[in-house]
Amino acid sequence: MFRIRFHGRGGQGMKTASRVLGSAFFLEDYEIQDAPRYGAERRGAPIFAYVRASKHPINERGIIRQPDLVVVADDSLVPVPAAGVLQGLDEHTLLLINSHETAEVWTGRLNLSGKVLILPAGEEVEDRAALPFVGIACAGAAARLVGVISRAALEEAIRTELAALGAELVEKNLQVALQAYDLMQAHAAGVSEGGDASAAAYEPPQWVSTPFEGVDIAAPTVHGGATSVQVKTGLWRTMRPIIDYQRCNRCWWVCSTFCPDGAINVSEEGRPDIDYDHCKGCLICVSKCPPHAIEAVPEHLAQAEQEQSP
Ligand code: SF4
Ligand code: SF4
């Protein structure tokens, strides 16, 4: 079975890439699964989409943990733990990165044992969530790398999946996808199918328990004004921002202003204090804090430490 993961940011077309690749596999008589996975609900946030393709019925479900091919549309996501780009990579996995840097740079930087290929990145744009046609280029390149999808199947998949965009955009997408397909000619069939996943080796995920709220809070009916404070969005968090008060220089207007949820309260002395009941873990504060005084800690580790502390 082929197991392929596409990583990108909301707006870069990863869902479309997985659909196009899945359809192209289907046209080559494969059974397929393709599905996107969204994290934070905003444009620019890391998302991934995955494709399974096999000549036999696919009984495997859920996230692909041991991919044969990982395609990264935006190289700024590679070092972001929450994006999970490097999850499950081994010597068998081919990593394709859309980047201005070389494969040697990425191999050295990530200390990877598997093969790395580069899909040459176009011109840098201000808003990376709007990188033009990057998703379809990723789909085209992936189609060539798996070695079982013909140019004709890719073309038909694009025409079918993108028909609603109109003829002009379909042609532009086709051009970009086929260019990427041809670019990977030297590495055609560079991806090999992985074996069956054994339940014996299955490692359960590190769940974070999220208790149910009572129906007066969790139900979709709005019962009264100013009730949103009762919805503990802190339950959404996978990473927890923690302020190191030794390094914090009390420039409170930075973190408290950038927090989209108003979850950073400021004391009269200018000390910022994160309200973990309502911090959803977007980590904007981590990236904006001038002296890097806010650390992102995996939620399950932060919870474990909290439970152990007296
Ligand atoms: S931005 Fe950083 S340094 Fe400034 S108050 Fe917030 S945590 Fe402290
Ligand atoms: S991670 Fe930071 S910016 Fe995001 S909601 Fe929590 S406190 Fe606010």
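Quick note: structure is the one above.
Residues numbered from 1 in each chain as written. Chains lettered and ligands numbered in written order. Predicted model: local features only at pLDDT ≥ 70, side-chain atom pairs only at ≥ 80, totals over all residues. Heavy atoms only, no water.

## Concerning the packing of helix α4 (residues 151-161) against helix α5 (residues 167-183)
Okay, so step 1: The contact between α4 and α5 brings their axes to 10 Å, and the two run at 150°. Between α4 and α5, the angle is such that the two are roughly antiparallel. For the pair α4 and α5, the sense of crossing is right-handed. Contact residues: R151, L154, E155, I158 and R159 in α4; V170, E171, N173, L174, A177, L178, Y181 and D182 in α5. (Axes fitted to C-alpha atoms, helices over the stretch in contact; angles between N-to-C directions. Helix = DSSP H or I, 4+ residues; strand = E, 2+ residues; numbered from the N terminus. Parallel < 35°, antiparallel > 145°, perpendicular 65-115°, else oblique. Left-handed = near helix turned anticlockwise from the far one by under 90°. Contact = heavy atoms within 4.5 Å.)

## Some points on a nonpolar patch on the surface
Okay, so step 1: A cluster of nonpolar residues, W252, W253 and V266, forms a patch on the protein surface that exposes about 310 Å² of accessible area.
Okay, so step 2: Here W252 is to be found in helix α7 (residues 252-258).
Okay, so step 3: With a relative accessible area of 37%, W252 lands in the partly exposed category. (Patch = residues over 30% accessible without salt bridge, like charges linked within 9 Å, V, L, I, M, F, W, Y side chains within 5 Å. Areas by Shrake-Rupley, 256 points an atom, 1.4 Å probe, with all protein chains shown as cover. Salt bridge = Lys/Arg side-chain N within 4 Å of Asp/Glu carboxyl O. Buried < 20%, exposed > 50% of the residue type's maximum accessible area, 1.4 Å probe, protein only.)

## Regarding the site of ligand 1
Okay, so step 1: Around ligand 1, a shell composed of C248, N249, R250, C251, W252, V254, C255, P272, C289, P290, P291 and I294 is seen.
Okay, so step 2: Its residues placed into classes, the shell around ligand 1 shows ten nonpolar, one polar and one charged. (Near = heavy atom within 4 Å. Nonpolar A, V, L, I, M, F, W, Y, C, P; charged D, E, K, R; others polar.)

## Digging into the environment of F2
Okay, so step 1: Tracing the chain through its elements places F2 in strand β1 (residues 2-9).
Okay, so step 2: With relative accessibility at 3%, the residue F2 sits in the buried group.
Okay, so step 3: Other than its neighbours up to four places away in sequence, F2 contacts F25, Y30, V51, R52, A53, D68, V146, V148, V191, S192 and E193.

## Structural notes on the pattern of salt bridges
Okay, so step 1: Evaluation of the coordinates by the stated rule reveals ten salt bridges.
Okay, so step 2: Across the pair K280 and D261 runs a salt bridge, and its minimum N-O distance is 3.6 Å. Taken together, the positions of K280 in the loop between β9 (272-274) and α8 (284-288) and D261 in the loop between α7 and β8 (264-266) put the pair 19 residues apart, joining distant regions of the chain.
Okay, so step 3: Residues joined in a network through salt bridges with shared partners are R3, R52 and E60.

## Regarding the side chain of R5
Okay, so step 1: With respect to the helices and strands, R5 occurs in strand β1.
Okay, so step 2: Polar contacts involving the side chain of R5 include one to the side chain of H7, which spans 2.9 Å.
Okay, so step 3: Separated by 3.0 Å, the side chain of R5 and the backbone oxygen of I64 make a polar contact. (Polar contact = N/O pair within 3.5 Å; in protein donor to acceptor, adjacent residues only side chain to side chain.)

## Let's talk about the site of ligand 2
Okay, so step 1: Lining the immediate environment of ligand 2, one finds P241, C259, P260, I264, I274, C279, K280, G281, C282, L283 and C285.
Okay, so step 2: Among the residues forming the shell around ligand 2, the class breakdown is nine nonpolar, one polar and one charged.

## Considerations on the nonpolar core
A general feature of soluble globular proteins is that nonpolar side chains tend to end up buried together.
Okay, so step 1: Core analysis: the biggest nonpolar cluster contains 45 residues, and F6 and F25 have the highest contact counts within it.
Okay, so step 2: With ten residues, the single largest contributor to this core is helix α3 (residues 134-146).
Okay, so step 3: Sequence-distant contacts of F25, defined by excluding residues within four places in its chain, comprise F2, I4, Y30, I32, V51, A53, V146, V148 and I149.
Okay, so step 4: Judged by nonpolar contacts, the second largest core, of 15 residues, contains A263, I264, C279 and I294. (Core = buried A, V, L, I, M, F, W, Y, C linked by side-chain atoms within 4.5 Å.)

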